[in-house]
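Remarks on the overall topology
For reference, the chains in residue letters:
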Amino acid sequence: MLKLPEAFIKGFSNFADKGNRVFQALNSLKNICKLYPRKDYINALGHAGDWLALAVSKSKDHYNDRGWMSLAWYVFAHSLNIMNSKESFENMDEYKSHIKLGLAKIKENFFTSPKVFAERLFKHEHAMMGVLGSALAFIGGASFRVLEKLFGANGRAVGTTLRSLGGMCQGFEGMKPGHILSGRVFFGLSGYAQSMGALVNMLSDTIGKNHKAALDPLSFAFGSLGRILYRISNDRGEAGLENKKISLKNLKDFIPAVMAGIKSKSVE
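Residues numbered from 1 in each chain as written. Predicted model: local features only at pLDDT ≥ 70, side-chain atom pairs only at ≥ 80, totals over all residues. Heavy atoms only, no water.

1. Re the overall build of the protein chain
How we decide: Strands here mean DSSP runs of E at least two residues long; helices mean DSSP runs of H or I at least four residues long; both are numbered from the N terminus. The criterion used for residue contact is that any of the two residues' heavy atoms lie within 4.5 Å. Think of it this way: Lys and Arg go in the positive column, Asp and Glu in the negative one, and His and the chain ends go nowhere. Charge positions come from single atoms, namely NZ of Lys, CZ of Arg, CG of Asp or CD of Glu.
In terms of regular secondary structure, the protein chain is built from 11 helices and 0 strands. Each helix (α) and strand (β) of the protein chain, taken in turn from the N terminus, gives the series α-α-α-α-α-α-α-α-α-α-α. Dimensions along the principal axes, computed over C-alpha positions, put the protein chain at roughly 50 × 45 × 40 Å. The long-range fraction of contacts in the protein chain, counting pairs at least 24 apart against all pairs at least 6 apart in sequence, stands at 72%. The protein chain carries 36 positive and 22 negative side-chain charges, and their two centres are separated by 2 Å.

2. Considerations on the packing of aromatic side chains
The test is simple: Paired rings are identified among Phe, Tyr and Trp, the last through its six-membered ring, by centres lying within 6.5 Å, and are further divided according to the angle between planes into stacked (under 30 degrees), edge-to-face (over 60) and tilted (the rest). A ring is scored as having a charge over it whenever the NZ atom of a lysine or the CZ atom of an arginine sits within 6 Å of its centre and within 35 degrees of its normal.
Counted under the stated rule, the structure contains 9 aromatic pairs. Ring centres of Phe89 and Tyr95 lie 5.0 Å apart, and the angle between their planes is 75 degrees; on these two criteria the pair is classed as edge-to-face. Between Phe110 and Phe111 the ring centres are 6.3 Å apart and the planes differ by 45 degrees, which places this aromatic pair in the tilted class. An aromatic cluster of three or more residues is present, and its members are Tyr36, Tyr41, Phe89 and Tyr95. It is Arg163 that lies over the ring of Tyr63; its NZ or CZ is 3.8 Å from the centre.

3. A word on unusual backbone geometry
What counts here: Exposure classes here rest on a 1.4 Å probe applied to the protein chains alone. A residue is buried below 20% of its type maximum, exposed above 50%, and partly exposed in between.
Despite not being glycine, Lys39 shows a phi value in the positive range, around 65 degrees. Mapped onto the secondary structure, Lys39 falls in the loop between α1 (6-35) and α2 (41-56). The backbone of Ala127 shows a phi angle near 50 degrees, a positive value even though the residue is not glycine. The topology assignment puts Ala127 in the loop between α5 (114-120) and α6 (128-151). With a relative accessible area of 0%, Ala127 lands in the buried category.

4. Concerning the packing of α2 against helix α4 (residues 92-111)
Stated precisely, the cut-off is as follows: Whenever a helix is involved, its axis is fitted only over the stretch in contact; in every case the axis is a line through C-alpha atoms, and angles between N-to-C directions fall within 0 to 180 degrees. Orientation categories follow fixed angle ranges, with anything under 35 degrees roughly parallel, anything over 145 roughly antiparallel, 65 to 115 roughly perpendicular, and all other angles oblique.
As a packed pair, α2 and α4 sit with axes 10 Å apart at the nearest point and diverge in direction by 85 degrees. If you check the angle between α2 and α4, you find them roughly perpendicular. Where α2 abuts α4, its residues Tyr41, Ile42 and Asn43 lie against Met92, Tyr95 and Ile99.

5. A few points about the pattern of salt bridges
Spelled out, the test is: Put simply, a salt bridge is a Lys or Arg side-chain nitrogen that is within 4 Å of an Asp or Glu carboxyl oxygen.
Taken as a whole, this structure holds 13 salt bridges when the rule is applied. Of the charged contacts, one joins Asp61 and Arg156 as a salt bridge, the two residues approaching to 3.0 Å between their closest N and O atoms. Here Asp61 is found in helix α3 (residues 59-84), whereas its partner Arg156 is found in helix α7 (residues 153-175), with 95 residues between them in sequence. Judged on exposure class, the residue Asp61 and its partner Arg156 are both buried. Among the salt bridges present, the one from Lys86 reaches Glu94, with a minimum N-O distance of 2.8 Å. By relative accessible area, which is 31% here, Lys86 ends up partly exposed. Salt bridges here are not isolated pairs; linked through shared partners, they connect Lys60, Asp61, Asp65, Arg145, Glu148 and Arg156.

6. A look at the nonpolar core
We apply this condition: Here, the term nonpolar core denotes a set of buried Ala, Val, Leu, Ile, Met, Phe, Trp, Tyr and Cys residues that are joined through side-chain atoms within 4.5 Å.
Ranked by internal contacts, the top residues of the largest apolar core, which has 22 residues, are Leu71, Tyr74, Leu80, Met83, Ile106, Phe110 and Val131. Elements with a contribution of two residues or more to this core: α3, α4 and α6. Among the elements that line this core, the one with the most residues is α3, at 7 residues. Beyond its immediate sequence surroundings of up to four residues, Val131 is in contact with Ser79, Met83, Ile106 and Phe110.

7. With respect to the side chain of Glu87
To be explicit about the condition: Two N or O atoms form a polar contact when they lie within 3.5 Å of each other; inside protein one atom must be a possible hydrogen donor and the other a possible acceptor, and for residues adjacent in sequence the pair counts only when both atoms belong to side chains.
Summarising the element assignment, Glu87 is placed in the loop between α3 and α4. Within the structure, Glu87 has its side chain in polar contact with the side chain of Arg38 (distance 3.2 Å). Filtering out sequence-adjacent residues up to four positions away, Glu87 remains in contact with Arg38, Asp40, Asn81, Gly237, Glu238, Ala239 and Gly240.

8. A word on the packing of α3 against helix α10 (residues 212-235)
Which entries qualify depends on this criterion: In a left-handed crossing the near helix is turned counterclockwise from the far helix by less than a right angle, and in a right-handed crossing that turn is clockwise. Put simply, Ala, Val, Leu, Ile, Met, Phe, Trp, Tyr, Cys and Pro go in the nonpolar bin, Asp, Glu, Lys and Arg in the charged bin, and everything else, Gly too, in the polar bin.
Where α3 meets α10, the axes come as close as 12 Å, and the angle between the chain directions of the two elements is 20 degrees. Classified by the angle their axes make, α3 and α10 are roughly parallel. Of the two possible hands of crossing, α3 and α10 adopt the one that is left-handed. For the pair α3 and α10, the contacting residues are Ser59, Lys60, Tyr63, Arg66, Tyr74, Val75 and His78 in the first and Lys212, Ser219, Phe220, Arg227, Tyr230 and Asn234 in the second. By residue class, the composition of the contact of α3 with α10 is 5 nonpolar, 4 polar and 4 charged.

Printed below as a string of C-alpha cells:
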C-alpha cells in the first residue's frame, strides 16, 4: 500500500485547515447577511457561532467545537422553519410565536408516546431528525473535552461520535426524498455531503485515528461542500417551502427534481 510522506501529509493538512477557516468565515458571513434581515435570529446566531469556533478552537478540536457553538443552533432553527413552513418574520413578536409553536410541536413529536415518536421520526414535515441532530451535536461538542480528561482517548472518541452522529442526523434530515420533492433541492444535496463529512470525522477519532492527519482534510472538504449547498439553500429560502407528501408514485420525480433545481440555480 502506497504511504505518503509525513511532511506532505502535514503540509497538506495545514493548508486544508487554513483554507477551510477562510472559507468558513466568508460562508458564515454570507449566511448571516441573508438570515438576519429575515429576523431569523437563532439561525443567524448559529452561523455567527462559526466565528467563535474559528477564534478559540485548535484544528484538531474545530469540528467538535462547531457542534455546540454553531451547528446545533442553526440546525435547530432550520428544523423549526421546516416544521412551520416559515423562515421570514416581520418582528420579534412573530418570531417568538414561531419558536413557541415549534417547541410545542417538538414536545408533541418526541414525548406524546413511543408510537407517535416512531410514526413521525422520518417524516420530513416534522424535521425530527434535524432536532435530534442538533441535540447530539450540542451534547457531543460540549462534552468531548471533559470526557477526554476523565477517560483519555476513549472518552474523546465518545464525544466525537455523539457530535458526528449529530452531523449525520442533520444529513439524514436533508436526504429525505420529501425535501427534494418539496423544492428543497440544495438542502437535500447538502445532507449527502454533510453525512460523508461526519462519517469521515468519526473515523478519524476512532478506528482511523492513525490516519487522522489525512482524514481531517477530507472531512473538511465534505463539510465545506455541505455548507456551500446549505448556504445556497438559505439564499433561495428553501426552508419556508410547504412540504409535499411523499408516495411511491411521486418518488419517480426525485431525480428530475434534483436536475431541475440545479439547472434553475445555474441560470440565476
